[in-house]
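Chain and residue survey
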Amino acid sequence: GELAHFDHALNACLLLSYIALRQGDAVGLSTFAVEQPRYLAPVKGTGQLNVLLNTVYDLKSTQRSADYQAATTQLLARQKRRALVVLVTNLRDEDDDELLTAVKRLSKQHRVLVASLREEVLDRLRQTPVQTLPEALTYCGTVDYLNARAELHERLNAHGVAVLDATTRELGATLVTRYLDWKKAG
């Protein structure tokens, strides 16, 4: 669409931040695998939203792979109090071991939600009728890729990690719904 996945993820995080701040929670930010990583300590109050916006307005994504271990180490050093940590990423099967290790480390001190951004094109390709060999190959590749993602999600769930699988359009509302459900449950 008009926005990159990174922009959709950023918008969803800002929406979640707005809702959490309105609920009286402190909100902070830690970015990695971007041109210039940023950290903003959690603070309560609606003024924090402007600080967040000023912190992220010029963020640029990169093709660099995410170093989940380094990001976890930095976050654990900075965030001592128990918190909800939302990791927004585009999970791929090559992230499997490193991500699982990092999230397990984070989960010892924090409640962790892995929000896995799914490309909408995958849903469209899975729904497309197959009539030719190239279409069959595309379909099979798509299904294989989606199955690998589902296995990674299941593996994370088996280790007690909450995973949210959403398209760019669904991400903001799904994150807010999960947050409000957890908040309501205590």
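Structure first, text after, so check above.
To start, this report covers the structure provided alongside it. Model, not experiment: these values are computed from the prediction.

Criteria and thresholds
Sequence positions are assigned chain by chain, starting from 1 and proceeding in written order. Per-residue local features are limited, in this predicted model, to residues with pLDDT of at least 70; the limit for side-chain atom pairs, both in listing and counting, is 80 or more; totals at the level of whole chains, interfaces and linings are taken over all residues. With hydrogens and water stripped out, all remaining heavy atoms of the structure feed into the side-chain values. Runs of E in the DSSP output that reach at least two residues are strands. Runs of H or I that reach at least four are helices, and both are numbered from the N terminus. C-alpha atoms define the radius of gyration, and 2.2 Å times the number of residues to the power 0.38 defines the globule rule. Think of it in three bands: residues with accessible area under 20% of the maximum for their type are buried, residues over 50% are exposed, and the middle band is partly exposed, with areas taken using a 1.4 Å probe on protein chains only. Throughout, a contact is declared for two residues whenever any of their heavy atoms are within 4.5 Å. Using a 1.4 Å probe, accessible areas were evaluated by the Shrake-Rupley method; residue-level cover was limited to the displayed protein chains. The convention is simple: Lys and Arg are positive, Asp and Glu are negative, and His and the chain ends are not counted. Just so you know, the charge point we use is NZ for Lys, CZ for Arg, CG for Asp and CD for Glu. All axes are obtained by fitting lines to C-alpha atoms, using only the stretch in contact for helices, and the reported angles, taken between N-to-C directions, cover 0 to 180 degrees. In these notes the angle categories are as follows: under 35 degrees is roughly parallel, over 145 is roughly antiparallel, 65 to 115 is roughly perpendicular, and the rest is oblique. Should the near helix be turned anticlockwise from the far one by less than a right angle, the crossing is left-handed, and should it be turned clockwise, the crossing is right-handed. Here the nonpolar core consists of buried residues drawn from Ala, Val, Leu, Ile, Met, Phe, Trp, Tyr and Cys, with membership extended through side-chain atoms lying within 4.5 Å. Note on definitions: salt bridges are taken to be side-chain nitrogens of Lys or Arg within 4 Å of carboxyl oxygens of Asp or Glu.

This next bit is on the overall build of the protein. Summing up its helical and strand segments, the protein has seven helices and five strands in all. At 17 Å, the protein has a C-alpha radius of gyration in line with the 16 Å of a compact globule built from 186 residues. For the protein, with 186 residues in total, the buried portion stands at 38%. Partitioning the intrachain contacts of the protein with sequence separation of at least 6 by distance along the chain shows that 70% fall at a separation of at least 24. As displayed, the protein has an accessible area near 10,900 Å², and 51% of this comes from carbon and sulfur atoms. Considering the protein, the positive charge centre built from 23 side chains and the negative charge centre built from 22 side chains are found 11 Å apart.

When two helices pack together, their arrangement is given by the angle between their axes and by how far apart the axes lie. The N-to-C vectors of helix 4 (residues 96-107) and helix 6 (residues 133-158) enclose an angle of 25 degrees; their axes lie 11 Å apart at closest approach. Considering their axes alone, helix 4 and helix 6 lie roughly parallel with respect to each other. Relative to helix 6, the crossing made by helix 4 is right-handed. On the side of helix 4, the interface is formed by Asp-96, Asp-97, Leu-99 and Leu-100, while helix 6 contributes Leu-152, Arg-155 and Leu-156.

This next bit is on the nonpolar core. Membership of the largest hydrophobic core comes to 27 residues, with the highest contact counts inside it found for Leu-52, Val-56, Leu-113, Leu-164, Leu-171 and Leu-175. For this core, the element with the highest residue contribution is helix 1 (residues 5-22), accounting for eight residues. Dropping the residues within four chain positions of it, Leu-175 is found in contact with Ala-12, Leu-16, Val-86, Leu-113, Ala-115 and Leu-164. Ranked by size, the runner-up nonpolar core spans 17 residues in total, among them Tyr-68, Leu-100, Leu-106 and Leu-152.

Moving on, we come to the pattern of salt bridges. Counted by the stated rule, this structure contains nine salt bridges. For the salt bridge of Arg-118 with Glu-170, the shortest nitrogen-to-oxygen distance reads 3.8 Å. In this pair, Arg-118 sits in strand 4 (residues 111-118) while Glu-170 sits in helix 7 (residues 168-185), placing the two residues 52 residues apart along the sequence. The salt bridge partner of Asp-123 is Arg-126, with a shortest N-O separation of 3.5 Å. A residue pair is termed a helical-turn pair when its members lie 3 or 4 positions apart in one helix, as Asp-123 and Arg-126 do in helix 5 (residues 120-127) at three residues. According to the relative accessible area criterion, Asp-123 is buried, its value standing at 18%. On the accessibility criterion, Arg-126 (38% relative accessible area) is partly exposed.

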